[in-house]
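If you want the building blocks of each chain, they are given just below.
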Amino acid sequence: MQKKIALVTGCAGFIGSNLVKKLLENNYRIIGVDNYRTGKKDFIKKFIRNNKFKFYNLDLTKNANLNKIFKNKIDLIFHVAANADVSKGYKKPYNDFKYNTLMTFKLLEHARLKKVKKIIFCSTGSIYGETKNIPTPENDFFPIQTSMYGASKLACEGLIQAYSEAYNIKSYIFRFVSILGPNYTHGHIVDFYNKLKKNKKVLKILGNGKQRKSYLHIYDCLNAIFKTINRKSKNNVNIFNLGTNEVITVVESAKIICKFMKVNPRFNFSGGERGWIGDVPHIKLNISKILKTGWRPKYTIKQSIISTLNYLNEKKT
């Protein structure tokens, strides 16, 4: 039986490159696209010679590039590409609109014209803003948005839902907590790791260190996605939170990192309950819906942090 052809946007990024690996292991044929804004050539170099992987170095905000991509036969789309620099979103707000909202609209419009009937979208728990309903379920009432990233992703979700209902496109929207694991490129763990490599005596921590967050390993994340999209669903729009039932404070994660690196620095806090403008001090998603599929995370948050640190160590050698 011929395996379906999947378009993977952002294929050279952290999540995208791990997704490509899993798709190839499942015998999919892949069209991968990345403009290398945050993606890494090293992450996909082992796939380039695989005859099941066809790569395009293109910016998908441009119609000419989308026309080129959609000349290929495409059965389903994994839309992973995004402007992922959450903390600096307020400094360059156009990036979130361009590389999240505008790109998603253009991708959907081409998918509609080419009659692609399935799209999987990587969203974020940040769309819930500073909700008081924690752990937060998928049907929570949305409060005021606090970050450009979250706002742009919420706009993407709205577009996907509308296209799904209007044009009978099956969509799967996954709202992630922060993801950890191999090929991890940005976030507080890599930030703390790099800081401690330079200075073992002092670690600067944004905010008061009491921010409570949840994290999920990339392998658990992808297993949840595949388990869900391979199930039959009567709904055009399918929305799932992905996370764990654990949370950890920034200070607690910093201590795990320090112990792993065998250092004992003084913590220097910038102060305040937020690490940056738009930072949400407490994120924990209600994952009861995804648990009903039979999926269970295999990694604890601590194990996910250690896995990420092992990857960072291996990368440095």
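Preceding block: the structure.
These notes cover the structure that comes with them. (Residues numbered from 1 in each chain as written. Predicted model: local features only at pLDDT ≥ 70, side-chain atom pairs only at ≥ 80, totals over all residues. Heavy atoms only, no water.)

### A closer look at helix H7 (residues 218–229)
So the rule is basically this: The secondary structure listing takes helices from DSSP runs of H or I that are at least 4 residues long and strands from runs of E that are at least 2 residues long, numbered from the N terminus. The span you would expect from a helix comes to 1.5 Å times its residue count less one. Note on classification: 1.4 Å probe, protein chains only; a residue is buried when its accessible area is under 20% of the maximum for its type, exposed when over 50%, partly exposed between these limits.
The first and last C-alpha atoms of H7 sit 17 Å apart over 12 residues, in line with the 16 Å expected at 1.5 Å per residue. The buried fraction of H7 is high, at nine of 12 residues. Turning to H7, its buried residues number three or more, namely Ile218, Asp220, Cys221, Leu222, Ala224, Ile225, Phe226, Thr228 and Ile229.

### Some words on the packing of helix H4 (residues 93–113) against helix H5 (residues 148–167)
Any two packed helices are characterised by how steeply their axes cross, that is the angle between the axes, and by the distance between the axes. Going by this rule: Think of each axis as a best-fit line through the C-alpha atoms, taken over the contacting stretch in the case of a helix, with angles from 0 to 180 degrees between the N-to-C directions. For classification purposes, angles smaller than 35 degrees are called roughly parallel, those larger than 145 roughly antiparallel, those between 65 and 115 roughly perpendicular, and all remaining angles oblique. Contact definition: two residues touch when any of their heavy atoms are within 4.5 Å.
It is at 8 Å that the axes of H4 and H5 come closest, and there the two elements cross at 10°. Viewed along their axes, H4 and H5 adopt a mutual orientation that is roughly parallel. Residues Pro93, Asp96, Asn100, Thr101, Thr104, Phe105, Leu108, Glu109 and Arg112 of H4 form the contact with H5, whose own contacting residues are Met148, Tyr149, Ser152, Ala155, Cys156, Leu159, Ile160, Tyr163 and Tyr167.

### Examining a positive patch on the surface
Our working definition: Exposure above 30% relative accessible area and the lack of any salt bridge qualify a residue for a patch; like charges then connect within 9 Å, and the nonpolar side chains Val, Leu, Ile, Met, Phe, Trp and Tyr within 5 Å. All accessibility values rest on the Shrake-Rupley procedure with a 1.4 Å probe; residue burial counts only the protein chains present in the view. What counts as a salt bridge is simple: a side-chain nitrogen of Lys or Arg found within 4 Å of a carboxyl oxygen of Asp or Glu. Under the convention used here, Asp and Glu are negative, Lys and Arg are positive, and both His and the chain ends fall outside the count. For the purpose of locating charges, the reference atoms are NZ of Lys, CZ of Arg, CG of Asp and CD of Glu.
On the surface, a cluster of positive charge is contributed by Lys54, Lys68, Lys71 and Lys114. Tracing the chain through its elements places Lys54 in strand E3 (residues 53–57). Classification of Lys54 by relative accessible area gives partly exposed; the value is 42%.

### Observations concerning the environment of Leu23
Examined against the element boundaries, Leu23 turns out to sit in helix H1 (residues 14–25). Sequence separation between Leu23 and Gly13 is 10 residues; the distance between their C-alpha atoms is 15 Å. Apart from residues lying up to four places away in sequence, Leu23 is in contact with Ala6, Val8, Tyr28, Ile30, Phe78 and Phe226.

### A closer look at the packing of aromatic side chains
Basically, it comes down to this: Paired rings are identified among Phe, Tyr and Trp, the last through its six-membered ring, by centres lying within 6.5 Å, and are further divided according to the angle between planes into stacked (under 30 degrees), edge-to-face (over 60) and tilted (the rest). Any Lys NZ or Arg CZ that is within 6 Å of a ring centre and within 35 degrees of that ring's normal is treated as a charge sitting over the ring.
Scanning all chains against the criterion turns up 12 aromatic pairs. Between the aromatic rings of Phe47 and Phe53, the centroid separation amounts to 6.0 Å while the plane-to-plane angle is 65°, which identifies the pairing as edge-to-face. Comparing Phe47 with Phe53, the two get one shared label, buried. Ring geometry for Tyr219 and Tyr299: centres 6.4 Å apart, planes at 65°, overall edge-to-face. Placement of the pair is Tyr219 in helix H7 and Tyr299 in the loop between helix H9 (288–291) and helix H10 (301–316), with a sequence separation of 80 residues. Judged by relative accessible area, which is 36%, Tyr219 ranks as partly exposed. For Tyr299, a relative accessible area of 27% translates into the label partly exposed. An aromatic cluster is built from Tyr36, Phe47, Phe53 and Phe55, whose rings are joined through pairwise contacts. We note Arg37 situated over the ring of Tyr99; from NZ or CZ to the ring centre the distance is 3.9 Å.

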